[in-house]
Amino acid sequence: MSTPLAAAAAGLGTGLSLIIAIGAQNAYVLRQGVRREHVGVIVTICAASDAVLIAAGIGGLGAVVRSVPTAVTVIAWIGAVFLVGYGVLAARRAWKQGEHLESDGAAEHSRRTAVLTCLALTWLNPHVYLDTVLLLGTVGNSYGSAHWAFAAGAVTASVLWFSGLGFGAGRLGRVLARPRAWRVLDAVIAVTMITIGVTMAARA
């Protein structure tokens, strides 16, 4: 039987291996971090959402989701449409060449818009349920009585990653202070979002 410490370490490693990847949510956190817009709120939403999903998976929701595949399909289509739409907007920003890092207050996105976008990117992504709920839930429950220690490790991984990504991205400010550099970032985000969205629709 695994000790709580070993389970927590396994949760930390598994959580990091799943979350450190180029994805829609990470791309958005990176963008907000570079702009220094509502970073604390965005990081909190991402980490808290992961905590809820991980706890749900460990608590048995994974089995419920697995038994209703239609729900995952519906979420996949909704998420695909949203991601492609967001990707098109990012592509439009890159094409216009008009945005740069040192925007004034009027150009900043509202907190409400940032929160709603972050929630959509998090909860409309079927991979969240497949990876965070099903996979982490299954692996975590294999640790028996230490399954909640595994969950704690996975939640810690999420907090560390999103905090580092969001607040650490601000260090790229000087690099992305020029409009051309910002166009490149938006172009990468556009390609990422649209690719994920199209792939998601194809697999739905």
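Look a little higher up for the structure.
Scope of this entry: the structure provided in the associated data block.

Calculation rules
- Residues numbered from 1 in each chain as written.
- Predicted model: local features only at pLDDT ≥ 70, side-chain atom pairs only at ≥ 80, totals over all residues.
- Heavy atoms only, no water.
- Phe/Tyr/Trp six-rings, centres within 6.5 Å; stacked < 30°, edge-to-face > 60°.
- Disulfide = S-S within 2.5 Å.
- Helix = DSSP H or I, 4+ residues; strand = E, 2+ residues; numbered from the N terminus.
- Buried < 20%, exposed > 50% of the residue type's maximum accessible area, 1.4 Å probe, protein only.
- Contact = heavy atoms within 4.5 Å.
- Expected span 1.5 Å × (residues − 1).
- Salt bridge = Lys/Arg side-chain N within 4 Å of Asp/Glu carboxyl O.

1. Some thoughts on the packing of aromatic side chains
And then number 1: Counted by the stated rule, this structure contains one aromatic pair.
And then number 2: Seen in terms of ring centroids, Tyr143 and Phe150 are 5.4 Å apart; in terms of plane orientation they differ by 25°. Their pairing is stacked.

2. Observations regarding the state of the cysteines
Disulfides are covalent bonds that link the sulfur atoms of two cysteine residues.
And then number 1: One pass over the full model with this rule turns up zero disulfides.
And then number 2: Cysteine Cys118 shares no disulfide, and the gap to the nearest cysteine sulfur, in Cys46, comes to 3.5 Å.

3. Section: the side chain of Ser158
And then number 1: Assignment of secondary structure puts Ser158 in helix α8 (residues 147–168).
And then number 2: Classification of Ser158 as buried rests on a relative accessible area of 2%.
And then number 3: Discounting residues that sit within four places of it in the chain, Ser158 has contacts with Ile19, Cys46, Ala47 and Asp50.

4. Quick word on helix α3 (residues 39–59)
And then number 1: Along its 21 residues, α3 runs 30 Å from first to last C-alpha, staying within 8% of the 30 Å computed at 1.5 Å per residue.
And then number 2: Two residues or fewer past α3, Gly60 is found with a positive phi of approximately 115°.

5. Some points on unusual backbone geometry
Trans peptide bonds make up the majority, and among non-glycine residues the majority have a negative phi.
And then number 1: Phi angles above zero are rare outside glycine, and Arg36 is one such case at about 60°.
And then number 2: With respect to the element layout, Arg36 can be found in the loop between α2 (24–35) and α3.
And then number 3: Using a relative accessible area of 55% as the deciding quantity, one classes Arg36 as exposed.
And then number 4: For His38, which is not glycine, the phi torsion reads 55° and is therefore positive.
And then number 5: Among the structural elements, His38 can be located in the loop between α2 and α3.

6. Describing the pattern of salt bridges
And then number 1: Summed over the entire model, instances satisfying the criterion amount to one salt bridge.
And then number 2: One salt bridge in this structure joins Arg35 and Glu37, with 2.6 Å as the shortest N-O distance.
And then number 3: Look at Glu37 and you get buried, because its relative accessible area is 1%.

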